[in-house]
Every structure is written in C-alpha cells, then in structure tokens.
Amino acid sequence: MKKKILFVINTLGRAGAETALIALLKELPQEKFDIYIYVLMGQGELISDLPPYVKVINKKYCYKSVLSCDGKRRLFVTVLKHCFAHFSILKNAGYLISNLAEMIKNKQLKHFDKLMWKIVSDGALRIKDEFDLAIAYLEGGSTYYVDDHVTAKKKAAFIHIDYEKAGYTRKLDKDCYLKFDRIFTVSDEVKQHFLNIYGECDKNTKVFHNLLDTDRILKLSKQAMDKDGQALFNRSKNCLKIVTVGRLTYQKGYDVAIQALKVLVDKGLDICWFVIGEGPEHKALSTQIKALGLEKRFFLVGAKSNPYPYYKAADLYVHATRFEGKSIAIQEAQILGCCIIASDCSGNREQIENGIDGILCPFSKEGISSAIMKLTDKPLNLKKYGHNAAQRTINHTDELNYIYELL
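Here is what the cut-offs are and how they apply
Residues numbered from 1 in each chain as written. Predicted model: local features only at pLDDT ≥ 70, side-chain atom pairs only at ≥ 80, totals over all residues. Heavy atoms only, no water. Helix = DSSP H or I, 4+ residues; strand = E, 2+ residues; numbered from the N terminus. Buried < 20%, exposed > 50% of the residue type's maximum accessible area, 1.4 Å probe, protein only. Contact = heavy atoms within 4.5 Å. Pairing = 2+ DSSP bridges. Axes fitted to C-alpha atoms, helices over the stretch in contact; angles between N-to-C directions. Parallel < 35°, antiparallel > 145°, perpendicular 65-115°, else oblique. Left-handed = near helix turned anticlockwise from the far one by under 90°. Nonpolar A, V, L, I, M, F, W, Y, C, P; charged D, E, K, R; others polar. Core = buried A, V, L, I, M, F, W, Y, C linked by side-chain atoms within 4.5 Å. pLDDT = per-residue confidence, 0-100. Right-handed = clockwise from strand over helix to strand, strands pointing away. Salt bridge = Lys/Arg side-chain N within 4 Å of Asp/Glu carboxyl O.

Colleague: Can you walk me through the overall build of the protein chain in this structure?
Modeller: On a plain count of helices and strands, the protein chain comes out with 19 helices and 13 strands. Along the three orthogonal principal directions, the C-alpha set of the protein chain runs to about 60 × 45 × 40 Å. Per-residue burial for the protein chain yields a buried fraction of 57% across its 407 residues. Sequence separation of at least 24 residues holds for 69% of the intrachain contacts in the protein chain that already meet a minimum separation of 6.

Structure representation (structure tokens):
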C-alpha cells in the first residue's frame with residue numbers, strides 16, 4: 001500500500017520556501033506515496049504549480065497573491081475567521097496576553113505577526129484522516145498545526161530561518177519541537193541557531209538542503225522579459241545593472257541597499273538597481289528612494305511570475321540581508337551563472353566562497369558599496385565569479401532518504 005504523506009505550509013505565495021516545497025514534491029515518486037497538502041491560510045498563486053498528483057485538502061482556496069492589495073484583504077478576513085472558529089481566540093487569551101507582554105518587555109513588537117500563528121492554527125480546518133507522515137514545512141502556524149491537530153505516525157518540521165533572530169521563542173512555540181520525530185534545517189548554520197534554543201533536539205535534527213527544479217529555472221530564464229521590465233532595462237542599458245530578488249521586508253535590508261547606491265552614485269558610478277519583489281516595506285522604501293533622488297536609479301519592479309530573465313540580464317546579483325536561513329534567490333542566481341555579492345551573515349556565508357564565486361561584505365552602506373566598487377574596478381571578476389557560481393552543486397536529492405527513513 002502507498003504511504004500517506006501530508007505537507008502543511010502557511011501560505012503558497014511566490015517565495016523561497018514555497019518554491020523549494022514544490023521542487024521537493026516533484027521528487028517524491030507518486031507510485032509510492034499518496035501526497036496531500038494543506039495550506040493553512042488557503043491562499044497563494046503557486047498552487048497552480050503543484051504536481052497534478054498532489055491532493056489539496058483545503059475546501060476553499062484563493063489564488064490571489066498574498067502580496068497584492070486584494071490578497072492582503074483576503075488574508076485579513078481569513079485571520080478573523082480563524083480567530084473565532086473553534087473559539088480559538090478565547091482559548092488562547094492567556095497565551096496572547098502573556099506573549100504580548102514578553103514582546104513589549106523585550107521591545108520585539110516588530111514580530112507581532114508571530115503571535116497570531118497559534119490562534120490561526122487553532123482556528124483552522126480539522127483533518128480527520130490519519131497519515132503515515134505529517135510534515136510542517138514552515139515555522140509558526142504550520143508547525144503548531146501539525147503538532148496540535150494532525151494525527152500521524154511520524155511528524156517532521158522544517159526550519160528555514162535563523163531561529164534566534166526571526167522572533168520565535170520557546171514560550172511562543174509552547175516547546176512544540178520537542179514532540180517532533182525529526183527536525184530538518186536547510187543549512188548547517190540554521191541548524192546551529194535552532195539548537196542554541198532547542199538543545200534537546202540535537203539527535204533528531206538533520207540538515208535537509210532546499211531542492212530546486214534546475215531545468216525549469218534554466219528554461220524560464222530563456223523567455224522574454226515582460227514589457228515593463230524590458231522598458232526599464234532598455235532605458236538603463238548603458239549602466240551597470242544590479243538585480244535583487246526577494247520580498248520587501250526589514251530582513252532583506254533594502255533600506256541599506258538604497259543608501260549604498262547613493263554612495264556609489266555620488267562617486268560618479270553609472271549604476272541602476274532593480275528589485276524584484278513586493279512586500280510591506282514598499283511605501284517606506286519608495287519614500288526613501290525619492291528623498292535621496294534615486295528615482296531613476298533604484299527601481300522597485302514588483303513581484304514577477306517569472307523573475308529568471310531578470311537574473312540573466314543582470315551584470316551583478318546583490319543579496320545584502322540582515323539575516324538569512326538559506327537563500328533560494330542566491331541558489332537561483334548561482335544556477336544562472338550570476339556574479340553575486342552577499343552580506344556576511346548566517347545563511348549567506350554558507351552559500352558563497354568569498355573571492356571564488358562571489359563576495360561576502362559587511363552589512364552596511366560602506367560595506368556593500370565597497371564590494372560593488374571592487375567589481376567595477378575589475379570587471380573580469382564579474383564573469384569569473386559568475387562562471388564559478390554556476391559550477392556549484394545546488395541540488396541534494398540524496399537527502400530525500402531522510403524522509404524515506406521516517407516511513
């Protein structure tokens with residue numbers, strides 16, 4: 001008989017972990033497994049990319065992007081519904097008050113969204129089936145849901161972020177990771193940061209690198225860029241073109257990237273920077289760009305269903321983040337042979353060999369601008385680093401054995 005596997009994820013929007021999940025699902029043989037997915041918030045455009053044999057448990061689903069205006073409104077309505085379903089908000093009143101007080105005390109209110117995942121989880125659909133394996137593919141809601149509301153012979157959870165910096169705590173988690181049979185982290189550094197909080201999980205924690213559909217990425221990169229992007233690139237064809245892909249969030253450090261570009265422009269360098277992505281920082285970043293007079297230099301292009309032609313058209317890919325788990329965007333840039341500059345932080349430093357296939361730099365406007373200037377002074381390194389990046393081993397399909405072992 002086929003084994004039944006359930007994957008649970010918070011949303012299925014166009015982002016790194018979601019992209020990696022779809023690549024993972026494609027690697028699991030359908031002749032051996034009945035594969036199910038439950039999207040906790042019931043929303044996200046990547047649902048269309050699921051392999052046809054994956055069964056979606058959600059009774060209702062919204063295909064709108066979680067980053068669009070309509071999508072955000074839909075998410076808000078979903079959160080409200082979950083708050084009152086199964087009396088979730090009443091049952092968790094003490095949890096809310098206690099953890100909110102902790103956040104205020106530690107000046108961590110920027111992580112308020114993490115506080116809601118327990119309420120959303122407890123207000124979600126109840127699945128009656130029993131599974132051979134249930135996998136929470138993201139931190140927060142999906143992990144709490146698998147722990148509390150899924151019946152399975154074995155349970156596993158994935159960690160994609162620097163757990164010490166992302167705003168989660170053992171109190172917020174209610175120590176749920178202690179009850180999982182296996183915890184998979186996407187890099188060695190992510191593993192260490194997780195174990196700094198959950199040291200008891202050492203024996204059950206393994207590194208399971210993100211999988212990517214390399215052939216699909218290469219194929220999509222050969223498609224024509226969309227008209228808006230093509231027009232922007234044509235207007236900027238004589239300058240050095242930098243591309244960054246990622247959501248517009250505090251973690252991604254775009255505010256510092258804008259400052260770095262201002263340093264370079266003031267020194268007379270002809271550079272344009274294109275950011276592919278959308279997110280809550282859009283308005284603040286647009287204001288900063290205008291205040292520094294960079295409207296014709298720093299472009300917030302928006303989210304793209306196919307970002308890969310942008311990678312291919314770039315002279316340089318820059319990923320200057322405050323912290324990271326393991327960046328899918330860096331892996332995609334490596335597949336496409338981009339020269340990469342990344343901030344020297346957890347996650348990034350595990351993906352780039354400094355001075356061989358890219359440059360690691362301090363996360364500051366001086367550090368980022370200095371690294372870019374090194375490459376403008378030695379343009380041959382742009383090609384050399386890009387060539388070396390394309391030689392890296394990206395996929396680790398042998399780690400699928402970790403899932404098979406659990407079964």
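After that view of the structure, there is still more to cover.
Colleague: Looking at this structure, I do not really get the sheet that holds strand β9 (residues 271-276). What am I missing?
Modeller: By definition, the strands of a sheet pair up through backbone hydrogen bonds, in either a parallel or an antiparallel sense. One open sheet accounts for 6 strands, arranged β10-β9-β8-β11-β12-β13; its pairing is parallel. Each edge of the sheet is formed by a strand with only one pairing partner; in this case those strands are β10 (298-302) and β13 (359-361). Taken over all neighbouring pairs, the strand axes of this sheet differ in orientation by 25 degrees on average, direction set aside. Contacts between helix α17 (residues 365-377) and the sheet are confined to β8 (240-245), β9, β11 (316-319), β12 (340-343) and β13, with β13 contributing the most and set at about 155 degrees to the helix.

Colleague: What should I look at first to understand the packing of helix α12 (residues 254-266) against α17 in this one?
Modeller: Two measures define how a pair of helices packs: the angle their axes make with one another and the distance between the axes. At their nearest, the axes of α12 and α17 sit 8 Å apart, and the two run at 55 degrees to each other. In terms of orientation, α12 lies oblique with respect to α17. Crossing handedness for the pair α12 and α17: right-handed. Residues V256, Q259, A260, V263 and L264 of α12 lie in contact with α17, whose contacting residues are K365, I368, S369, I372 and M373. When the residues that make up the contact of α12 with α17 are grouped by side-chain class, the tally is 7 nonpolar, 2 polar and 1 charged.

Colleague: How should I be thinking about the nonpolar core in this particular structure?
Modeller: Across soluble globular proteins, nonpolar side chains show a tendency to be buried alongside one another. Judged by nonpolar contacts, the single largest core of 64 residues is most densely connected at F7, L12, L24, I37, V243, Y311 and Y317. Tallying contributions element by element places helix α1 (residues 16-27) first for this core, with 7 residues. Look past the residues within four positions of L24 in its chain and what remains in contact with it is F7, Y137, F158, F208, L211, L400 and I403. One finds L6, Y38, M103 and A152 within the second-largest nonpolar core, a separate group that totals 46 residues.

Colleague: Looking at this structure, how should I read the sheet that holds strand β7 (residues 205-207)?
Modeller: The parallel open sheet is built from 7 strands, whose spatial order is β3-β2-β1-β4-β5-β6-β7. Lying at the two open borders of the sheet, with one neighbouring strand each, are β3 (55-56) and β7. One ladder, built from 7 bridges, connects strand β1 (residues 3-9) with strand β2 (residues 33-39); its direction is parallel. Note that in β2 the partner of I5 across the bridge is I35. Strand contacts of helix α7 (residues 141-149): β1, β2, β4 (130-136) and β5 (151-159), with the helix running at about 155 degrees to β4, the strand carrying the most contacts. Across the sheet, helix α9 (residues 188-197) touches β5, β6 (182-185) and β7, and the angle it forms with β7 is around 160 degrees.

Colleague: Explain the confidence of the model for the protein chain to me, please; I cannot follow it from the model alone.
Modeller: It should be kept in mind that the predicted coordinates are not to be read in detail where pLDDT is low. Confidence in the prediction of the protein chain, expressed as mean pLDDT, is 90, and 99% of residues score 70 or more. Predicted confidence in the protein chain is weakest over helix α5 (residues 112-115), with a mean pLDDT of 83, and strongest over β4, with 97.

Colleague: Sorry, what's going on with the pairing of β9 here?
Modeller: Looking along a regular strand, one sees the side chains alternate between the two faces of the sheet. Most of β9 is tucked away: 6 of the 6 residues are buried. Neither face of β9 is open: one carries I271, W273 and V275, the other C272, F274 and I276, and all of them are buried. Direction of pairing for β8 relative to β9: parallel, over a ladder of 6 bridges. Each bridged residue has a counterpart across the sheet, and for V245 the counterpart in β9 is I276. The pairing of β9 with β10 spans 4 bridges and is classified as parallel. Bridge pairing in β10 links F274 to F299. For the segment spanning β9, helix α13 (residues 282-291) and β10, crossover handedness is right-handed.

Colleague: I tried to follow unusual backbone geometry on my own but got confused; where do I start?
Modeller: Across residues other than glycine, the phi torsion is negative in most instances, and most of the peptide bonds are trans. A positive phi angle is found at H86, which is not glycine, with a value near 55 degrees. For H86, the position within the fold is in the loop between α2 (69-84) and α3 (88-91). Of the residues examined, H86 reaches a relative accessible area of 35% and is grouped as partly exposed. Phi angles above zero are rare outside glycine, and K174 is one such case at about 55 degrees. Relative to the helices and strands, K174 resides in the loop between α8 (170-173) and β6.

Colleague: Before we go on, may I ask you to explain the pattern of salt bridges in this structure?
Modeller: Close approach of charged atoms allows side chains of opposite charge to pair. Counting across every chain of the model gives 23 salt bridges. The salt bridge partner of D49 is R216, with a shortest N-O separation of 3.6 Å. Remark: R216 occurs in helix α10 (residues 214-221) and D49 occurs in the loop between β2 and β3; sequence separation between them is 167 residues.

Colleague: How should the packing of α12 against α13 be read in this particular structure?
Modeller: Interaxial distance between α12 and α13 falls to 10 Å at its minimum, and their mutual angle equals 15 degrees. Relative to α13, the element α12 lies roughly parallel. Along this stretch, α12 crosses α13, giving a crossing that reads as right-handed. Residue-level inspection shows Y254, D255, I258 and Q259 of α12 in contact with α13, the latter providing L285, Q288 and I289.

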